[in-house]
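# Survey of secondary and tertiary structure
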Amino acid sequence: MRAYNFCAGPAALPEAVLQQAQAELVNYHGKGLSVMEMSHRSADYVAIAEQAEQDLRDLLAIPSNYKVLFLQGGASQQFAMIPMNLLRGKSSADYVNTGMWSDKAIKEAKKFCQVNVVASDESNHFRAVPAFESWQLNSDAAYLHYTPNETIHGVQYDFIPEVDVPLVADFSSIILAEPLDVSKFGLIYAGAQKNIGPAGLVVVIVREDLLGDVLKGTPTMLDYKIHADNASMYNTPSTYAWYLSGLVFKWLKAEGGLSAMAEVNRRKAAKLYAAIDASEFYANPVAKPNRSMMNVPFTLANPALDKVFLKEAEANGLLNLAGHRSVGGMRASIYNAVPEAAVDTLVSFMTDFAKRHG
Ligand code: PMP
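Residues numbered from 1 in each chain as written. Predicted model: local features only at pLDDT ≥ 70, side-chain atom pairs only at ≥ 80, totals over all residues.

The following threshold applies: UniProt positions are given in the numbering used here, feature names are shortened, and annotations may be inferred rather than shown by experiment.
Per an unreviewed UniProt entry, the recorded name for the chain is Phosphoserine aminotransferase, and the organism is Agitococcus lubricus. A UniProt comment under Function (unreviewed entry) is attached to the chain, and it reads "Catalyzes the reversible conversion of 3-phosphohydroxypyruvate to phosphoserine and of 3-hydroxy-2-oxo-4-phosphonooxybutanoate to phosphohydroxythreonine." Under the Subcellular location (unreviewed entry) heading, UniProt states for the chain: "Cytoplasm".

If you want it as structure tokens, here you go:
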């Protein structure tokens, strides 16, 4: 019996995907070996890799002038690769600070250029997205970077910024949760271990014309164009994570694609926030329009009960509900692979717990 996993990442994978991987693990499609044991240059593996890319392109309707890269180093390595590749002769970039992940991106970019923080919600303890009208945008910025969903603070943008410079976005914890107009972006990146597949892979979707003008001294492995020209096989890619991500893309298609996922995701989030708001015992501090559909942080009226809550939750098959170590409290991450029944079970547990301890 599998438990319900609310981990922020590495996160739940669809059970159907795990079962398929298990069935194919030892002898992939009668080829006599595991995907893990295949050469990345073999026809069988290249077919797996290309199919995964095509399915991702279909799901997000990625325009043909965008490259899709399957890289390593996590989303954190993108914090450096972005300025190295996208400054393209300019000396500054615009960043928005809405929480710990955008702050990390800002700190890394500062190693390469002048970073102008055009808006920040830090003084408000990262509980909302600063109104777009208040942003101090710079027309000579090489690009604008923002974090559409802050995984730790549970803050999600309710708009896509309209700017005159290339738009760069860290979609790690919200990619594939709903349809997205990729053409509005210069570059999108996402660590795989939340809504894509297992850890060890980061997906980058980048407009072709932005490639090929890297900062002097950029290592070969950190140059997007090298990876684009080599179909993400300049060196040995994370083959098994790429394959498993491909199974997740197929699963998403079978579930009806991103519009269908968005409908379920909205329903799941609405149920959980409603339960929090209906109770004096639980609280979520985020401004309503910016509440994340994927990561729902909440606190208990009495923090002394946090440990009891987590222990009882685990005993009820509800795993990984502790908030990030930097903020404490609770957090339920309800990505695509977390079924609606998991949210229903969590809500009943929370209601019952509040009754007994409130
Ligand atoms: N950005 C966001 C929004 C994240 O949630 C995370 C991981 N939780 C990261 C970046 C860092 O990802 P990685 O561990 O893959 O470097």
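That was the structure; now back to the text.
## Concerning the sheet that holds strand S14 (residues 330–333)
Let me state the cut-off plainly: For two strands to pair, DSSP has to find at least two bridges joining them. Segments assigned H or I by DSSP are reported as helices when at least four residues long, segments assigned E as strands when at least two residues long, and all are numbered from the N terminus.
Here we have three strands laid out as an open sheet, ordered S11-S12-S14, and antiparallel in their pairing. Single-partner strands in this sheet number two, and they are strand S11 (282–283) and S14. As defined by bridge partners, S11 adjoins strand S12 (residues 295–300) across two bridges and the pair is classed as antiparallel. In the sheet register, Ala 283 faces S12, and the bridge partner there is Thr 299.

## Re the nonpolar core
Side chains that are nonpolar tend, in soluble globular proteins, to be buried together. Worth spelling out the cut-off: Put simply, a nonpolar core is a cluster of buried Ala, Val, Leu, Ile, Met, Phe, Trp, Tyr and Cys residues tied together by C-beta atoms within 7 Å. Exposure classes come from backbone-placed C-beta atoms, where a residue is buried if 20 or more other C-beta atoms lie within 10 Å of its own, exposed if 12 or fewer do, and partly exposed in between. Reported domain spans reflect what an automatic or database domain assignment gives. Whether two residues are in contact depends on their C-beta atoms, placed from the backbone: they are in contact if these lie within 7 Å.
In terms of nonpolar packing, the biggest core is built from 103 residues, with Leu 187, Val 203 and Ile 334 touching the most fellow members. When residues in this core are grouped by element, the largest group, nine residues, is from helix H6 (residues 239–254). When residues are assigned to domains, this core turns out to be shared by domain 1 (15–255) and domain 2 (257–357), each giving three or more. When near neighbours in sequence (up to four residues on either side) are disregarded, Leu 187 contacts Ile 82, Leu 86, Pro 166, Val 168, Val 204, Ile 205, Val 206 and Leu 210.

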